[in-house]
Structure formats: structure tokens, C-alpha cells
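# Geometric and topological summary
Take a look at the letters that make up each chain.
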Amino acid sequence: MTTFLGSPTFHAGTGNIRGTESFPDAARKSLADTQLRANLGAATTTIRNKRIAAVAEVDDWEELRRAGSALKADVMARLPELLVQFEENVTARGGTVHWARDSEEANRIITDLVRATGSDEVVKVKSMATQETGLNEHLEENGIAAIETDLAELIVQLGEDKPSHILVPAIHRNRAEIREIFLKSMPGIDKDITDDPRALAMAARAHLRRKFLSAKVAISGANFGVAETGTLAVVESEGNGRMCLTLPDTLITLMGIEKLVPTFTDLEVFMQLLPRSSTAERMNPYTSMWTGVHPGDGPQNFHVVLLDNGRTNVLADEVGRSALHCIRCSACLNVCPVYERAGGHAYGSVYPGPIGAILSPQLTGTTGHDDPNASLPFASTLCGACFDACPVRIDIPSILVHLRAEQVDSERHGLPGGQDLAMKAAGFVMGSEKRFAAAETASKIGRVLGGKKGRITSLPYPGSKWTASRDLPSPPKETFRQWWARTHEDTTR
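Residues numbered from 1 in each chain as written. Predicted model: local features only at pLDDT ≥ 70, side-chain atom pairs only at ≥ 80, totals over all residues. Heavy atoms only, no water.

Taking an unreviewed UniProt entry as the reference, the protein is identified by name as LutB/LldF family L-lactate oxidation iron-sulfur protein belonging to Rhodococcus opacus.

In C-alpha cells:
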């Protein structure tokens, strides 16, 4: 078989992977929400610290990361043949495989499958892929109720909200806010319930147990699909996945085509990387795997919908394709200073944070400067913390720079823009020792603007584009050249 990377014509991904406003505009609103920032700061700090401790227990953590990276790179290089192998093995074991080019096709396939069962209600395992396609909304439009069974997803659903984190979708909510959501939207809840976490969890448990026992159809995502055996795997911490994957008569799984691993033994690497990177646990409380249909045991009708939705476009980019290595652990979000302050909603996509900043614009493509996803590669300080945390070593900073360069190049239309002029001016100044020294001396004027606080808080345009959201430190009393001449006077003769 000939390996083909990328589609012959660009087919943009669709669904909930493009917002309605640029990241800077959305982030300004988030930054003004002090409760949101407090919730995010507390949650990400806790998860981050727990992860550091969990990872420190593994002596060969870096070797595991390299193994995970190598395995994902191999999958990307052989994806067409692995997908065919996966389909053959699922089919041989009694399952049915469907192929979906985009979110609209995936939603239509799944809706038709649910309708064929005669059911008007489904239970769902937490799934980024179904969030990506907007499946819940599509099912609702067709008279089918989708019940989220993951606690955080349930909170988001009952609150008519949107997820803001890959692992903890309701990370932007505190327990008092969750209590109010339950009181308003959860049927049969005790009106005197407190905001004690256990009380809230037990209320959700009682509500969901009734759904588990009555559901005829379940819809899941997949953390991994094994090409060698046709096996699918879901890892979770609450047991809701186990209930959905075993009780209903029909199980429908939506899986992005990049989620494959070649062999069953390859799962060994990812089952060590994923829990410590995501929930800071040594192993997942519930790891569910299923292979086809088994008479008298579990769902008797099993379907897999393989989702492209722009993934072959990402695969065609030699630099950007490693974004498809992502195993959705969310470690990069928890260490990102931009995400911690702006929150997930500012990214406009179901994939927030550093991974969303490189994945979303590649899935959808961008249509110019005003495309909301065009701003995402710039939503980073390039500090590199995301690469250090990534369990499969995705070089997110390098991909961000690559996508920034592509975006800037795409916006060049003959005459140089403001950024081009600024870079040319900087190049002119830095190209001469005398000009650079003169610029350093001239910068001391900024000390007047900084005043006693030593911070420049306001500059005229175009400097105002910087000081509108951050301060500028006052220049030092003496330049480095002056300090060197003063302290190394004897050595310069």
C-alpha cells in the first residue's frame, strides 16, 4: 500500500473548533472576570503540583516520553494502512465501521444509527470528538436527548455552558456555582442540598443511575484504537464509562483517525503516560477495553465512526502534523500562563490552551487576518513549559512559530505591513554598533515615563497595543555597554 499524507484538496474541519471572535478580544473579557481567574488559578495549580509529584516517581519518565513520541510518529507515517487494518479487525469481530469526512457527516451517521434503534435518548461517555462535531446539539435538533454522564460534562450541560478544559470541562466553576446549576436544572434534587462536594456528587450519581439503567444506546469517544486487534479503549475516573460501555444494547463510538496505535502491547507505554500527565494518578481507576461483539455480554450492536474533519490537512504539514500526536491529557493547559489567566472559552474551540492553539487553526484552515483561529498561534508566551509537560513530546513552541510565520506570510499583499516595517527598523538599528548604542541611550527617556514605580503603564500608538494589557519596565539607569565599560575598564585597554 502506498502511504498518502494529506488530502488532494483542502477540506476544512467544521464544528466547534472555531470561535466567533479573535483570542485577544475574547481574552480581554475573561481577564476581567475575577472569579473565573480565581477558579482557574486554584485548579491548575493543584493539578500541576500533583502531576509533578506523580511524574517524579517514574525513573524512566523521559524514556517513556520518547517511546510515546516515536509510536505516534510511526502511526502518522503509516496511518492509511493502519486504518484499513483497524477496519478489517473491527468488522471481523462483529462491529461496523463508518467513515466521516467532517462533523456534519459524522453527526448524520450517528443520528441515523440512533434512530434505527427506535430510541429517543442516549447516554454519553465524555468525548472530545463529539464536542468537536457538536453532536449533542445535532441530536437535540432531531428529537434525541443526549445525557452526559461524566460529572464535569454534566455540570456544563445542565448549566447550558461550554467546556473550558480538556480534562476538567467545568474547571471554571466553583462548588457554589455548581450547586446553583443543580438546583436550577437537575430533576428531583433536594432543594436543601449544600455545596459540599460529596453531596453534589451523590446527587449527580442518583440522577445518572436512572439513566444508566434505562438507556438502550450509548455514545462514546475513544482514547485509543488498536489496529492489530480492532480493540478500543476508554480511560476514566468515575465509572460512568464502564456503565455506558456495558449496559446498553447499542454502542456507537466516534474516534478521530489519529487515535490509533499499531499493536496491543503499544498501549503499555500510553497507559503509563496518560494517567500521570492528566489526573496525576499512577493508573486510571477505570480502563475499559472492548473488541467487537460478544453474544450475551455487553452491547450487541457496535459501530465505530472514524472522523477526519481536517485531520488529513494537519497530516500533510511536515512541521505541524505532530499536533496529531496529542493524547488529550491536558498537561500543557495546566502549565500554560496564558491559559491559566484567560481560560478555555477565550480560544473559541473545544481544544483550548497550547494544543488548541496549534490544532484548531490547522483543522479549520484560516481565511485571513479576521479569521478567529488566525490569532490562536499568537496566544502564547513561547515559554516552552508546554513541551516540557507534554507526555509525547509535542514541540508546541516550534509549531506555534511555524504557524505564525505562515499566517504573516499569508497576509502580505505587496506593500509591507506594520510588523514588516517594525522588523526592518529593528534590523537597521541593530545592524550598526553606533546606531544600537544611540538607541540604548535614547531609551533612557522611558525612565521619565516610568516614574517612581519603575513601570511604563501607557504609551502612545503603536506602543499602546502593548501597554493596553501589560506594563513595560523602565529602562535601567545605565546600559549594558556602559556597565561593562565602567566595571571592566582595565581589560578593555
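What follows is about the packing of helix α9 (residues 175–185) against helix α10 (residues 197–214). At a closest axis distance of 11 Å, the pairing of α9 and α10 adopts a crossing angle of 30 degrees. One finds that α9 runs roughly parallel with respect to α10. Seen from above, α9 lies across α10 with left-handed handedness. Contact residues: R175, I178, R179 and F182 in α9; P197, L200 and A204 in α10. Of the residues in the contact of α9 with α10, the class split is five nonpolar, no polar and two charged. (Axes fitted to C-alpha atoms, helices over the stretch in contact; angles between N-to-C directions. Helix = DSSP H or I, 4+ residues; strand = E, 2+ residues; numbered from the N terminus. Parallel < 35°, antiparallel > 145°, perpendicular 65-115°, else oblique. Left-handed = near helix turned anticlockwise from the far one by under 90°. Contact = heavy atoms within 4.5 Å. Nonpolar A, V, L, I, M, F, W, Y, C, P; charged D, E, K, R; others polar.)

As a further point, take the pattern of salt bridges. Per the counting criterion, the structure on display carries 25 salt bridges. Close ionic contact of R18 with D371 constitutes a salt bridge, the shortest N to O distance being 3.0 Å. On the criterion of sequence distance, the pair formed by R18 in the segment before α1 (23–31) and D371 in the loop between α16 (353–364) and α17 (385–389) is long-range, its members being 353 residues apart. Close ionic contact of D25 with R28 constitutes a salt bridge, the shortest N to O distance being 2.9 Å. You can see D25 and its partner R28 sitting in helix α1, three residues apart, about one turn around the helix. Of the residues examined, D25 reaches a relative accessible area of 38% and is grouped as partly exposed. One salt-bridge network, held together by shared partners, links E132, E258, R311 and R328. (Salt bridge = Lys/Arg side-chain N within 4 Å of Asp/Glu carboxyl O. Buried < 20%, exposed > 50% of the residue type's maximum accessible area, 1.4 Å probe, protein only.)

The next subject is α1. Those residues of α1 lying buried are F23, A26, A27 and S30. Looking straight down α1, one finds that the buried residues subtend no more than 100 degrees of arc, so they occupy a single side. Exposed positions of α1 whose direction lies more than 90 degrees from the buried face are R28 and K29. Buried residues along α1 sit against α2 (34–56) and α15 (337–342). (Arc of directions from axis to C-beta.)

Take the UniProt feature "domain: LUD" (unreviewed entry) in the protein next. Mapped onto this numbering, the UniProt entry gives "domain: LUD" (unreviewed entry) at residues 85–306. Spanning residues 85–306, this segment combines 41% helix with 21% strand, and its end C-alpha atoms are found 13 Å apart. (UniProt positions renumbered as here; feature names shortened; annotations may be inferred.)

Reading across the sheet, the six strands line up as β1-β10-β7-β4-β2-β3 and stay open at both edges, with parallel pairing between neighbours. Only two strands of the sheet have a single neighbouring strand rather than two, namely β1 (96–100) and β3 (145–148). Within this sheet the neighbouring strands show an average axis-to-axis angle of 25 degrees, counted without direction. Judged from the five bridges that link them, β1 and strand β10 (residues 301–307) form a sheet pairing that is parallel. (Pairing = 2+ DSSP bridges.)

For the rest of this paragraph, the subject is helix α4 (residues 79–92). Taking 1.5 Å as the rise per residue, α4 with 14 residues should run 20 Å; its terminal C-alpha atoms sit 20 Å apart, in good agreement. Turning to α4, its buried residues number three or more, namely L79, L82, L83, F86, N89 and V90. Buried residues of α4 fall within an arc of 130 degrees about the axis and therefore sit on the same side. Residues of α4 that are exposed and point over 90 degrees away from its buried face: E88 and A92. Directly beyond the C-terminal end of α4, a positive phi value near 95 degrees is found at G94. (Expected span 1.5 Å × (residues − 1).)

Either a parallel or an antiparallel arrangement is found when strands of a sheet pair, and the pairing is made through backbone hydrogen bonds. With mixed pairing, four strands are arranged side by side in an open sheet as β8-β5-β6-β9. Of all strands in the sheet, those bounded by a partner on one side alone are β8 (260–261) and β9 (286–290). Strand direction decides the pairing type here: strand β5 (residues 224–226) and strand β6 (residues 231–236), joined by three bridges, are antiparallel. Note that in β6 the partner of G225 across the bridge is L232.

Phi at N309 takes a positive value of approximately 50 degrees, unusual for a residue other than glycine. Within the fold, N309 resides in the loop between β10 and α13 (311–315). Of note, the phi angle at R393 is positive, near 55 degrees, even though the residue is not glycine. Relative to the helices and strands, R393 is located in the loop between α17 and α18 (396–410).

What follows covers the packing of α16 against α18. At a minimum axis distance of 10 Å, the contact between α16 and α18 shows a crossing angle of 40 degrees. Relative to α18, the element α16 lies oblique. The two elements α16 and α18 cross, and the hand of that crossing is left-handed. Of α18, the residues touching α16 (which contributes P354, I355, A357, I358, P361 and Q362) are I396, I399, L400 and L403. Looking at side-chain class alone, the contact of α16 with α18 contains nine nonpolar, one polar and no charged residues.

A separate point is a negative patch on the surface. Taken together, the side chains of E137, E140, E141 and E160 present a region of like negative charge at the surface. Following the sequence through the fold, E137 ends up in helix α7 (residues 135–141). With a relative accessible area of 43%, E137 lands in the partly exposed category. (Patch = residues over 30% accessible without salt bridge, like charges linked within 9 Å, V, L, I, M, F, W, Y side chains within 5 Å. Areas by Shrake-Rupley, 256 points an atom, 1.4 Å probe, with all protein chains shown as cover. Lys, Arg positive; Asp, Glu negative; His and termini not counted. Charge placed at Lys NZ, Arg CZ, Asp CG, Glu CD.)

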